[in-house]
Amino acid sequence: MSSRLEWLGSLPLEEAEAQLLSCCASRQWVRKMVANRPYADEASLLAAAVDGVRELAWSDVEEALSAHPRIGERAEAAHRAGMSAEDARREAQWSRQEQSDAATADDAVKAELVARNLAYEERFGHVFLIRATGRGVTEILTALHRRLHNSVEEERVEVRAELADITVLRIRKLLGLL
């Protein structure tokens, strides 16, 4: 077991919850992840994280979505219940890093992102979520355009998959694996 995994397993309940809340803002997900500590290895932790996201009620997914800024918008540190100001700053920094390609796009691309984000939110009632890390702005725009044509159920499947990907990425950052 890695020293960072041991660190996570040894944290007091409230501190472990605060650390994991910066990875996924669903309190239900956080409670389940903390209750199942300790994890034998990173692989079992990450598998539990993905399974936990997939098992969330839609209202819990929406809670997690509320912590994500629109693609192309600057993430601000948002202090939520159970999260310290330092953890909120770290989460905002991660979001800015994850969206760095979209943030540096030219004005025409940024305008297109705004328009498609608004169309998406009007259609589905929540922010467009995509793991932006490793994806260029063109790929993100293509996915956004494609997903605008999804049914609500199809989109919920995609949102859960993207949320799980982002959660795994952030857990890996939390543990110093990235």
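Structural data are supplied above this passage.
In short, a report on the structure. Here the structure is a predicted model, which is why all the values come from computation and not from measurement.

What to know about the nonpolar core
Across soluble globular proteins, you tend to see nonpolar side chains buried next to one another. Ranked by internal contacts, the top residues of the largest apolar core, which has 48 residues, are Leu20, Trp29, Leu45 and Ile171. Of all elements in the fold, only helix H1 (3-10), helix H2 (13-21), helix H3 (27-35), helix H4 (42-55), helix H5 (58-65), helix H8 (107-124), helix H9 (137-147) and helix H10 (152-174) reach the threshold of two or more residues within this core. No other element matches H10, which puts seven residues into this core. Those residues in contact with Leu45 that lie beyond four places of it in its chain are Leu5, Leu8, Met33, Tyr39, Ile171 and Leu175.

Quick notes on the packing of H5 against H10
Here H5 crosses H10 at 55 degrees, and the two axes come no closer than 11 Å. As summarised for this structure, H5 and H10 are arranged oblique, according to the angle between their axes. Between H5 and H10 the crossing geometry is left-handed. Across from Trp58, Val61, Ala64 and Leu65 in H5, the residues of H10 making contact are Arg156, Val159, Arg160 and Leu163. For the contact of H5 with H10, the per-class residue count stands at six nonpolar, no polar and two charged.

Concerning the packing of aromatic side chains
All told, the structure shown has two aromatic pairs when counted by the stated rule. On the basis of an interplanar angle of 45 degrees and a centroid distance of 4.8 Å, the ring pair of Tyr120 and Phe124 is categorised as tilted. In this pair, Tyr120 and Phe124 both sit in helix H8, four residues apart, roughly one turn of the helix. Of the two residues, Tyr120 and Phe124, both sit in the buried class. Both rings, one in Tyr120 and one in Phe128, keep their centres 5.2 Å apart while their planes meet at 75 degrees; by these two values the pair is edge-to-face. Among the residues examined, Tyr120 registers a relative accessible area of 0% and is labelled buried. Through pairs of rings, three or more aromatic residues link up here, namely Tyr120, Phe124 and Phe128.

So, how was this worked out
Residues numbered from 1 in each chain as written. Predicted model: local features only at pLDDT ≥ 70, side-chain atom pairs only at ≥ 80, totals over all residues. Heavy atoms only, no water. Core = buried A, V, L, I, M, F, W, Y, C linked by side-chain atoms within 4.5 Å. Buried < 20%, exposed > 50% of the residue type's maximum accessible area, 1.4 Å probe, protein only. Helix = DSSP H or I, 4+ residues; strand = E, 2+ residues; numbered from the N terminus. Contact = heavy atoms within 4.5 Å. Axes fitted to C-alpha atoms, helices over the stretch in contact; angles between N-to-C directions. Parallel < 35°, antiparallel > 145°, perpendicular 65-115°, else oblique. Left-handed = near helix turned anticlockwise from the far one by under 90°. Nonpolar A, V, L, I, M, F, W, Y, C, P; charged D, E, K, R; others polar. Phe/Tyr/Trp six-rings, centres within 6.5 Å; stacked < 30°, edge-to-face > 60°.

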